[in-house]
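What follows is the residue order along each chain.
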Amino acid sequence: MSATTPAVGTDNAHSPALKSAISKAARHLMPMLVILYFVAFLDRTNIGFAEEALSMDRGISQGAFALGAGIFFIGYAIFEIPSNLLLKKFGARFWLARIAITWGIVAAAFAFTTNDTMFIILRFLLGVTEAGLFPGVIMFLAEWFPNKVRVQMFAIFYLAQPFSQMLGAPLSGGLISFGDTLTPWHGWQVMFFVEGMLAVIAGIAALFFLVNSPQKAKFLNQDEKDALTQVMAKEDAVRTEDGPSGIWRAMASWKVWYFTIIYFCLQIAVYGTTFYLPQQVAGLIGQDVGWQVGLISAIPWLVGLFACYYFGKHASTIIRRRNWGTTFYILTGLAILGSAWAGANNLPVVGILFITIAVASFLSVGPITWSYPTAFLTGTAAAAGIGLINSLGNLGGFVAPIMRTGINENVPTDSGVWGVVSLGVFAFLAAAMLYCTRFFKARSDALLEEAPPGH
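Residues numbered from 1 in each chain as written. Predicted model: local features only at pLDDT ≥ 70, side-chain atom pairs only at ≥ 80, totals over all residues. Heavy atoms only, no water.

Asks: I'd love a proper account of a nonpolar patch on the surface, names of residues and values included.
Replies: On the surface, Phe112, Leu171, Phe193, Val194, Leu198 and Ile201 cluster together into a nonpolar patch covering about 500 Å² of accessible area. With four residues, the single largest contributor to the nonpolar patch is helix H10 (residues 187-209). Looking at where Ile201 falls in the secondary structure, it is placed in helix H10. Judged by its relative accessible area of 55%, Ile201 is exposed. (Patch = residues over 30% accessible without salt bridge, like charges linked within 9 Å, V, L, I, M, F, W, Y side chains within 5 Å. Areas by Shrake-Rupley, 256 points an atom, 1.4 Å probe, with all protein chains shown as cover. Salt bridge = Lys/Arg side-chain N within 4 Å of Asp/Glu carboxyl O. Helix = DSSP H or I, 4+ residues; strand = E, 2+ residues; numbered from the N terminus. Buried < 20%, exposed > 50% of the residue type's maximum accessible area, 1.4 Å probe, protein only.)

This is the structure in structure tokens:
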């Protein structure tokens, strides 16, 4: 260890004050962050419920719908890094609230869509205004929670994904039914407007519930503030030595690009599975997409919810993170291939089992993956590096549907098996790359060899 690196094995690292500070911070901050991510997913995916109605009532073409679905990720990617840098300037409390309020306004504006052009512009603006939420929260949590418990906090934040998948469908469907029967507006208009306003309300609430730093937290006493601040300062010093300094060095760092590729592979598996989950389940059980398909589609997310939380809570050492992360990537790839095989051989129960394993695996590996860049990035380097990883990684969500559709068109089968197989391959690449982190030399690894904070 360098002489300039503060010791990490101090009594303070195990003090009751630190344990209390982490517990209080989790109770006060995590519910608000989960709510923000939950409504973000609602507003990002609810167009699927309005596709047919938009076509009938406003004449939105299939081409415009497809372009609008994908152009969201373009706006999201372009403005990700600038948004993260502005978060560093204005503080997470204000900037995360601003993101939620502005994207909520844009999401609500979909209720007034009149033609293809307006729809495409609003989808682009939704990506622009939402840009920075996910990486901003990742950076915020990395400044609040020690590395030892950070995966657990990332996992709690990730719970918004399965919650949104399980609760989003009945909420959106219920708002459409309510709007069609009890209001003078179309049901899809009510859905867009109400769910957009939920984001605005969440943004306003964030101004009251989020706190930029431990020293400004009224819910911590002075001993708790000091204990948490000291541990985070020591970790920050280690990150400064381990990682690049400044915006441009972060964007040029080979480690940042290394984890960008891993995250890109993960997102191809995630979006390639989730975009087509209802259709794949419908094909497996031989039913049209409806309440039965929706109910069965919720099973993988329910299992994934518990898996994500359990493994996130216990991924507290570098060995566990590397071995579990590698295993989950392999399981994701194998499960995706297995679901394709089950579909081709008309084995619905086996297919749903494989889909459940895939969802549980990629939900569990996401928080583990983010623990790596947050262990060596800090300051403006974190803003740029985390923003780059998330923005380019999320382009996997743009590539996955195009790749799957293109392969199925060129190698047609009744079950679309080869399109599904193509998604699983990327998970194996991510597994190999994550395992190879064992050859990295990182001073931050020493932080994970300590006992859990407060124990």
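Asks: If you had to explain helix H8 (residues 147-158) to someone new, which residues and values would you point to?
Replies: Taking 1.5 Å per residue, 12 residues should reach 16 Å; H8 reaches 17 Å between its end C-alpha atoms and fits that length. Among the 12 residues of H8, 12 are classified as buried, and the element is accordingly described as predominantly covered. Within the span of H8, buried status applies to Asn147, Lys148, Val149, Arg150, Val151, Gln152, Met153, Phe154, Ala155, Ile156, Phe157 and Tyr158. (Expected span 1.5 Å × (residues − 1).)

Asks: Hey, could you go over the nonpolar core for me, with residue numbers and the actual values?
Replies: Leu33, Trp103, Trp144 and Phe145 are the most contacted members of the largest nonpolar core, which totals 121 residues. Per-element accounting of this core gives the leading share, 17 residues, to helix H1 (residues 16-45). In this view, Leu33 contacts Leu96, Val137, Phe140, Leu141, Phe157 and Leu210; residues no more than four positions away in its chain are not counted. Among the nonpolar cores identified, the runner-up in size contains 12 residues, and Ala335, Ile336, Ala358 and Val421 belong to it. (Core = buried A, V, L, I, M, F, W, Y, C linked by side-chain atoms within 4.5 Å. Contact = heavy atoms within 4.5 Å.)

Asks: Tell me about unusual backbone geometry, residues and numbers included.
Replies: Unlike most non-glycine residues, Asn346 shows phi in positive territory, near 55 degrees. Residue position: Asn346 is located in the loop between helix H16 (318-344) and helix H17 (348-371). By relative accessible area, Asn346 is classed as exposed at 59%.

Asks: Which residues make up the packing of aromatic side chains, and what are the values?
Replies: Tallying each qualifying case throughout the model produces 29 aromatic pairs. Arranged with centres 5.9 Å apart and planes meeting at 55 degrees, the rings of Phe90 and Phe94 form a pair that is tilted. Taken together, a centroid distance of 5.6 Å and an interplanar angle of 55 degrees make the contact between Phe134 and Trp370 tilted. Placement of the pair is Phe134 in helix H7 (residues 133-144) and Trp370 in helix H17, with a sequence separation of 236 residues. Across the pair, Trp370 and Phe134 agree in class, each one buried. Taken together through their ring pairs, the aromatic side chains of Tyr37, Phe41, Phe134, Phe157, Tyr158, Tyr263 and Trp370 make up a single cluster. Above the ring of Trp95, the side-chain terminus of Arg98 is found at 4.2 Å from the ring centroid. (Phe/Tyr/Trp six-rings, centres within 6.5 Å; stacked < 30°, edge-to-face > 60°. Lys NZ or Arg CZ within 6 Å of the ring centre and 35° of its normal.)

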